[in-house]
2 protein chains.
Amino acid sequence: MSSVSFESITQAGARIRPYIHRTPVLTCAVLDRMAGATLYFKCENFQRAGAFKYRGACNAVFSLEDNDAVRGVATHSSGNHAGALARAASVRRIPAFVVMPDNAPSVKVAAVQSYGAEIAFCKPTLEARKEVLEKVVAKTGATLIHPYDNPQVVAGQGTAALELISETGELDIVMAPVGGGGLLSGTAISTKALLSHAMVFGAEPEQADDAFRSFKGGVLVPSVNPNTIADGLLTSLGELTFPLILRFVDDILTVSEDGIKFAMRLIWERMKIVVEPSSAVPLAAVLECPDRFLNRRVGIILSGGNVDLNKLPWTGK
Amino acid sequence: MSSVSFESITQAGARIRPYIHRTPVLTCAVLDRMAGATLYFKCENFQRAGAFKYRGACNAVFSLEDNDAVRGVATHSSGNHAGALARAASVRRIPAFVVMPDNAPSVKVAAVQSYGAEIAFCKPTLEARKEVLEKVVAKTGATLIHPYDNPQVVAGQGTAALELISETGELDIVMAPVGGGGLLSGTAISTKALLSHAMVFGAEPEQADDAFRSFKGGVLVPSVNPNTIADGLLTSLGELTFPLILRFVDDILTVSEDGIKFAMRLIWERMKIVVEPSSAVPLAAVLECPDRFLNRRVGIILSGGNVDLNKLPWTGK
């Protein structure tokens, strides 16, 4: 699999510009005081389809040659990538086929359906997903667009940091949550190309710490029985993203479930924006490891805002 | 009581500019499709202290002569004005005395306390509030800053529409929720001065429809036993605001409680922002009276974002 260059990220930026939102960068004086740092939040919760995933999906969909595109695109996804790919496909007016686990949040299933994609449900295991997806691809001739282990997808995700840094200028640290590693690796490539002194940190739930263990051990470790409220971060790093993270990321910090819930509620209450739990993981790391961030200028990618409003962590079961 | 001119609003804009946020104007393609209109949302939920009230409070506090200011400011308020006045006073480093009903939402009480104001609780009746407030003013010599029946406050609230229109240009309709009428009258004065053809609508809960009845009857009717989730809209119009509304507002539309809850949830889910129920009342009116808005460019003031996240309308008892 070919790797991802900074040039491919700037090309992605130009390719997807007509289709995506240039999302705002917000600050919050109260959170800065709590953190003892200056925090810049890149609000991908305001992105079309509700998450940064739309960047990568758009880049992949609009990179296809016409004769491939007509047969459509296909993927398996626990949620945001599925919605994003379905929406991007609908914009290009090509079919989208999505394999989803039968326990996916209803709000994400509804989003995928609303964009006109064809959904095939499967059991919530990686094996079941792959099996059903292979059948779909064999039958339709659609192009498989992996949620993160795809160079166009990673390049698209890297455009969020591109926009962030163009707005903030110098930063000491740039952070993103890490699930499959598409956002984190794209963010790291952009940051290292644009800011010679900045460090890049991934943030991950303790209870889904495969990226942390892979990074520390230097060997790709799969995610086994992850158990976290951050439902966007359940997947394992991939063959494409793991080497990029080893090369461009400075550290991965893990956070508690209580820390994620606390940070999520802070963002809602103080910034007045709706973010999903995965988005709160970097802020949780800032608040749980304050020494690493004291007096620093910190860019944080808020990854998405697709949350089921009937099931908030602070309103019980 | 002196009235409020457009000039006093532009002066207020210059006076408070160093202290307030120039809040963003957001749009949402999904809501536009649902409404059959083009909607521009002025996001005062992102304002300091969480609501437009900070504009009026700042204008009142920074309009005081120094020898009055040292003795502080005082008010009674069900919430957002209290927090706003407390914050504005803390910025000018003068005391704030706030009379609050003992059933005020805890999140609003906490906000007022966090700004260092002195709180006196009273029974949740207008009589009790006034009585306690008179005692506080007599004892401290503080200047009473009424939540809406105050020319500096109304002028401050009018600056939100000033900013909105400077960003959108021509609008066919500008809307604000109406409680005491400070936001609506300020919005109407700005709109009529800047846009010769635009109409101004107030939006009000059916179950707190004193402004609607006062407007239609031409006689000020007090709010009696209002019963609405829109806790910012419980108060009656005042002696200052009622004549301004009669003169500058074209109509007042009332909406159902279910309509408010539906619109509030739509804003959270589709725009990914946190607004309080009062903020959702104008969108509820757009969705309940679509004929009035079809193909129009509509500016809507989202009044605030101070909501108790433990008590959301859709997470039930």
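Predicted model, so just to flag it, every value in this text is computed and none were measured.

A.B. asks: How should I be thinking about the overall build of chain A in this particular structure?
C.D. replies: Each helix and strand counted, chain A has 13 helices and 10 strands in total. Here the C-alpha atoms of chain A give a radius of gyration of 18 Å, agreeing with the 20 Å that 2.2 N^0.38 yields for 317 residues. Each of the three principal axes of chain A carries a C-alpha extent, and together these read 55 × 45 × 40 Å. Long-range pairs, those at least 24 residues apart, make up 76% of the contacts in chain A between residues at least 6 apart in sequence.

A.B. asks: Explain the relation of the copies chain A and chain B to me, please; I cannot follow it from the model alone.
C.D. replies: Each of the two chain copies can be brought onto the other by rotation about an axis and movement along it. The two copies are related by a screw operation: chain A maps onto chain B through 180 degrees of rotation and 0.0 Å of translation along the axis, at an RMSD of 0.0 Å. Taken together, the rotation angle and the small translation identify this as a two-fold axis. The C-alpha atom lying nearest the rotation axis in chain A is that of I273 of chain A; the distance is 2.1 Å. Looking at the interface residues of chain A, 100% of them are also at the interface in chain B, so both copies use one shared face.

A.B. asks: Explanation requested: the sheet that holds strand 6 (residues 143-144) of chain A in the structure shown.
C.D. replies: Residue and element names in this part refer to chain A. Ordered in space as 5-4-3-6, the four strands form an open sheet in which the pairing is parallel. Of all the strands in the sheet, the pair left with one neighbour each is strand 5 (118-122) and strand 6. Alignment of strand 3 (residues 73-76) against strand 6, held across two bridges, turns out to be parallel. Following the sheet pairing, A74 is matched in strand 6 by L144. Lying over the sheet, helix 5 (residues 80-92) contacts strand 3 and strand 4 (96-101), oriented at roughly 170 degrees with respect to strand 4.

A.B. asks: Is there a simple way to explain the interface of chain A and chain B in this structure?
C.D. replies: Taken together, the contacts link 16 residues of chain A with 16 residues of chain B. By residue class, the composition of the side of chain A that touches chain B is eight nonpolar, five polar and three charged.

A.B. asks: Please clarify how the environment of G56 of chain B should be interpreted in this entry.
C.D. replies: As for its placement among the helices and strands, G56 of chain B is situated in helix 3 (residues 53-63). Leaving out residues up to four positions away in the same chain, G56 of chain B has contacts with V153, V154, G156, Q157 and G182 of chain B.

A.B. asks: Mind showing me how you'd approach the domain arrangement of chain A here?
C.D. replies: Quite often, the size of an interface is put as the accessible area lost when its parts meet. Residues and elements named next belong to chain A. You can read the domains of chain A as domain 1 (6-53 + 150-302) and domain 2 (55-144). For domain 1 versus domain 2, the separation of C-alpha centres amounts to 24 Å. The partner domain 2 presents 18 residues to the 24 residues of domain 1 that form the contact. Residue assignment for the side of domain 1 that touches domain 2 shows that the elements contributing at least two residues are helix 1 (6-16) and helix 8 (151-168). If one sorts the elements of the side of domain 1 that touches domain 2 by residue count, helix 8 sits on top with eight residues. Of the residues contributing to the side of domain 1 that touches domain 2, the split by class is 12 nonpolar, eight polar and four charged.

A.B. asks: Where do I start with the confidence of the model for chain A in this structure?
C.D. replies: Low pLDDT marks regions whose predicted coordinates should not be analysed in detail. For chain A, mean pLDDT is 95; residues scoring 70 or higher make up 98% of the total. The complex model carries a pTM of 0.93, and its ipTM stands at 0.92.

A.B. asks: For this particular structure, what's the right way to read the sheet that holds strand 2 (residues 38-43) of chain B?
C.D. replies: Strand-to-strand pairing in sheets goes through backbone hydrogen bonds, with the strands running parallel or antiparallel. Residues and elements named next belong to chain B. Spatial strand order, 1-2-10-7-8-9: six strands in an open sheet with mixed pairing. The open sheet has two edge strands with one neighbour each: strand 1 (25-26) and strand 9 (251-255). Strand direction decides the pairing type here: strand 2 and strand 10 (residues 297-302), joined by six bridges, are parallel. Note that in strand 10 the partner of L39 across the bridge is V298.

A.B. asks: Even after reading the chapter, I still don't get the pairing of strand 10 of chain B, so can you show me in this structure?
C.D. replies: A regular strand places its side chains so that they alternate between the two faces of the sheet. All names here are of chain B. Burial of strand 10 is extensive: five of the six residues sit out of reach of the surface. Looking at chain direction, strand 7 (residues 173-177) and strand 10 are connected through three bridges and run parallel. Counted as the bridge partner of M175 is I300 from strand 10.

Conventions used here
Residues numbered from 1 in each chain as written. Chains lettered and ligands numbered in written order. Predicted model: local features only at pLDDT ≥ 70, side-chain atom pairs only at ≥ 80, totals over all residues. Helix = DSSP H or I, 4+ residues; strand = E, 2+ residues; numbered from the N terminus. Rg over C-alpha atoms; globule rule 2.2 N^0.38 Å. Contact = placed C-beta atoms within 7 Å. Least-squares fit on C-alpha atoms with pLDDT ≥ 70 in both. Pairing = 2+ DSSP bridges. Axes fitted to C-alpha atoms, helices over the stretch in contact; angles between N-to-C directions. Nonpolar A, V, L, I, M, F, W, Y, C, P; charged D, E, K, R; others polar. Domains from an automatic or database assignment. pLDDT = per-residue confidence, 0-100. Buried ≥ 20, exposed ≤ 12 C-beta atoms within 10 Å, placed from the backbone.

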